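Single-letter residue listing:
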Amino acid sequence: MAQEFQVRIKNGDILKGWRWPAEHATANLTIMTGMNEYALRYDGVAKWFNEHGVNVWCLDAYGQGRNAASPELQERWPLGAYKNNVEALRVMVFKAAANGLPTFLMGHSMGSFMVQSFMERFHNCTSGIILCGSNGGQEALMRTGYRMARALVHDWNWFETNETLQNMGVGGFAKAIKDRATDYDWLSYNKENVQAYIDDPWCGHDNTGGFWKEFMGGLSKVWSSKELKKISQSEKVLIIAGQDDPVGRMGKGPKWLCKKYNALGLSRVDLKIYPGMRHEILNETDKETVYRDILTFIQACTD
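Treat the numbers as computed from the prediction; the structure is a model and nothing was measured.

Conventions and cut-offs
Residues numbered from 1 in each chain as written. Predicted model: local features only at pLDDT ≥ 70, side-chain atom pairs only at ≥ 80, totals over all residues. Heavy atoms only, no water. Axes fitted to C-alpha atoms, helices over the stretch in contact; angles between N-to-C directions. Helix = DSSP H or I, 4+ residues; strand = E, 2+ residues; numbered from the N terminus. Parallel < 35°, antiparallel > 145°, perpendicular 65-115°, else oblique. Left-handed = near helix turned anticlockwise from the far one by under 90°. Contact = heavy atoms within 4.5 Å. Buried < 20%, exposed > 50% of the residue type's maximum accessible area, 1.4 Å probe, protein only. 1 Å grid on protein atoms, 1.4 Å probe; cavity = no way out; pocket = protein on both sides within 12 Å on 5 of 7 lines; lining within 4 Å. Points joined across faces, edges and corners; volume = space filled by probe spheres on them. Nonpolar A, V, L, I, M, F, W, Y, C, P; charged D, E, K, R; others polar.

Peer 1: What am I meant to see in the packing of helix α4 (residues 139-152) against helix α5 (residues 163-175) here?
Peer 2: Between two packed helices, both the angle of their axes relative to each other and the distance between the axes serve to describe the pair. The geometry of α4 relative to α5 is characterised by a closest axis approach of 10 Å and an angle of 165° between their N-to-C directions. In terms of orientation, α4 lies roughly antiparallel with respect to α5. Considering only the axes of α4 and α5, their crossing is left-handed. On α5, the residues that touch Gly 145, Met 148, Ala 149 and Leu 152 of α4 are Thr 164, Leu 165 and Met 168.

Peer 1: Would you mind showing me how to read unusual backbone geometry here?
Peer 2: When glycine is set aside, most residues are seen to have a negative phi, and most peptide bonds are trans. A positive phi is found at Glu 75, a non-glycine position, where the angle reads about 60°. Take Glu 75: it is sitting in the loop between β4 (54-59) and α2 (81-96). The buried category is assigned to Glu 75, whose relative accessible area is 0%. Backbone geometry places Asn 124, a non-glycine residue, at a positive phi of 55°. With respect to the secondary-structure elements, Asn 124 resides in the loop between α3 (110-121) and β6 (128-132). Residue Asn 124 is classed as exposed on the basis of its relative accessible area of 52%.

Peer 1: Is there a simple way to think about the layout of surface pockets in this case?
Peer 2: In this structure, the largest pocket encloses a volume near 870 Å³. As for the largest pocket, its lining consists of 40 residues, of which Gly 169, Val 170, Gly 171, Phe 173 and Trp 212 are closest to the centre. The set of elements that each furnish at least two residues to the lining of the largest pocket consists of α3, α4, α5 and α7 (209-222). Split by residue class, the lining of the largest pocket holds 20 nonpolar, 14 polar and six charged. By volume, the second largest pocket amounts to about 390 Å³. Surrounding the second largest pocket, 16 residues form its lining, Tyr 82, Lys 83, Gly 217, Gly 218 and Lys 221 being those nearest its centre. Looking at the lining of the second largest pocket, the elements with two or more residues in it are α2, α3 and α7. Ranked by the residues each element gives to the lining of the second largest pocket, the list is headed by α7, at six residues.

So this is what it looks like as structure tokens:
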């Protein structure tokens, strides 16, 4: 059964999430969710890993899930939120690892970018990293996006939605699916998953201008050579993505990450790109294949 937990970061903010303890656990898996979703969406994922001896912790970012006052007040990021979300990951990892078990950190989509920043800021904190539905190699584009956000977003409209930035940030993903029945088909081939996302008031909310300014600010740095060189060579990384995922540019972004991490000399870099899957590979029809690959990575890193 899911249990709520909290993490307190240096500035005093408290972020909330959910954890799923396993009987006779041999490892911990900590997770940061993607954009416009929340930790309890990972209930099915967590229960599968519980059955295979893995404790699961899943954190809600600012303005999502337990960190939003209502569905109408989602995606409100305060100043410094990107950096503070990354710090919250560190606190979650150490909270989970207090039981002495090997602890892994996974980020999906937006969460995967924060996990990339985590590797650059905090070294040797985990037994392994999993990047899910991620991307890489778009530093110039993100810098352009950040400049635009800085021009459009100010104190007076920080918590208002911004159509220009919203379309720039995610509008292209829907358009990438030519035969789409809905604008959320880019998430998954699994129609039930897409419909559940559409029907859920805690998913799919338009982001505020402040969110985009903070998020783009983080992404404008994460792929710079200066930041990438900060990653410890002892890191072990598994990169998983759908072959038809527009977020990862149909595999180009995950392949870029794999090549870059190998060039940096990381101790282990595995890449799994799944045919017939889009963005939410943890919710696709053949999701158990993905779960087993993650479990195999966890077991290989703890042997």
